[in-house]
Amino acid sequence: MKFQSLANLISMSRIVLSLLMIPMRDRTVVFVALYLASGLSDLLDGMIARRTKSQSLLGARLDSVADLFLFGAIFAVLILKMWAELKPFLPCLLIVLFIRLVNMVIALRKFHQVVFGLHTWGNKLTGLAVYVSPLLLLVFKPAHVILPAFGISVLAALEETAIHLISPRVDLNRKSLFLKD
C-alpha cells in the first residue's frame, strides 16, 4: 500500500504542477521547471506502480485525470501566448475533443462508468506529442508541429473508440487494439 500511495501522490503532484504552470507562464525559469517536473511525474507514477506491483484502478484513473490537467495547462499556456498563430488549428483540437467525448459516452453507456482514456500506446504517444509540442513550437512553424500531433491524436482516439466497441469490459491498461493484456 505504501508504493501505491507514492505513485498516486506523484500523479496528484502533476495536477498541482500543471495548475501552477498557467500563472507562471511568463516566469521562464519557474515555468520550465514546473513543465519538466510535470513531465517527469507522468513518467514516474506509472513506472513506480508497475515496478512495485501496486497498480490500481484508482491510480490508473488518477493518472488519466492528471494527464487532462497537464494537457489543459499546456493548451491554456499556448493559447495565452500564441493565440494568433494557433487559431487556424482550432478545428483540429475540436475534432480530437469530439472523438474523446464520443469515447466517454460509449464507455458510459456500455460499461456504466466514465473513462477519461485508456493507457494505450497510441494515447501514450499522443501524450508525448502534446508534451513536446510547446518545445517544438519554439523551433518549428505551428503547422509542422500541430498537424503531426493532430494525426497521432486522432488515430489514438479512434483506436480507443474501436477498443470500447469490441471489448466486453473496461481495461484501462490495454496497450493496443491489436494486443490483449
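In what follows, the structure referred to is the one given above.
Because the structure is predicted, anything quoted here is derived from the model rather than measured. (Residues numbered from 1 in each chain as written. Predicted model: local features only at pLDDT ≥ 70, side-chain atom pairs only at ≥ 80, totals over all residues. Heavy atoms only, no water.)

Visitor: What is the right way to read the packing of helix α2 (residues 28-51) against helix α3 (residues 57-86) from this model?
Guide: The packing of two helices is summarised by the inter-axis angle and the distance between the axes. α3 packs onto α2 with a crossing angle of 155° between their chain directions and a minimal axis gap of 11 Å. Classified by the angle between their axes, α2 and α3 sit roughly antiparallel to one another. In this structure, α2 meets α3 at a crossing whose hand is left-handed. Between α2 and α3, the residues in contact are Phe31, Tyr35, Ser38, Asp42 and Asp45 and Asp63, Asp67, Leu70, Ile74 and Val77, respectively. (Axes fitted to C-alpha atoms, helices over the stretch in contact; angles between N-to-C directions. Helix = DSSP H or I, 4+ residues; strand = E, 2+ residues; numbered from the N terminus. Parallel < 35°, antiparallel > 145°, perpendicular 65-115°, else oblique. Left-handed = near helix turned anticlockwise from the far one by under 90°. Contact = heavy atoms within 4.5 Å.)

Visitor: Just checking my understanding: could you explain the side chain of asparagine 8 for this structure?
Guide: Position of asparagine 8 relative to the elements: it lies in helix α1 (residues 2-21). Classification of asparagine 8 by relative accessible area gives buried; the value is 9%. Those residues in contact with asparagine 8 that lie beyond four places of it in its chain are Leu58, Gly59 and Leu62. (Buried < 20%, exposed > 50% of the residue type's maximum accessible area, 1.4 Å probe, protein only.)

Visitor: What am I meant to see in the environment of aspartate 171 here?
Guide: As for its position among the elements, aspartate 171 is in the segment after α6 (142-166). Classification of aspartate 171 by relative accessible area gives partly exposed; the value is 23%. As for aspartate 171 and lysine 141, which are separated by 30 residues in sequence, their C-alpha atoms are 38 Å apart.

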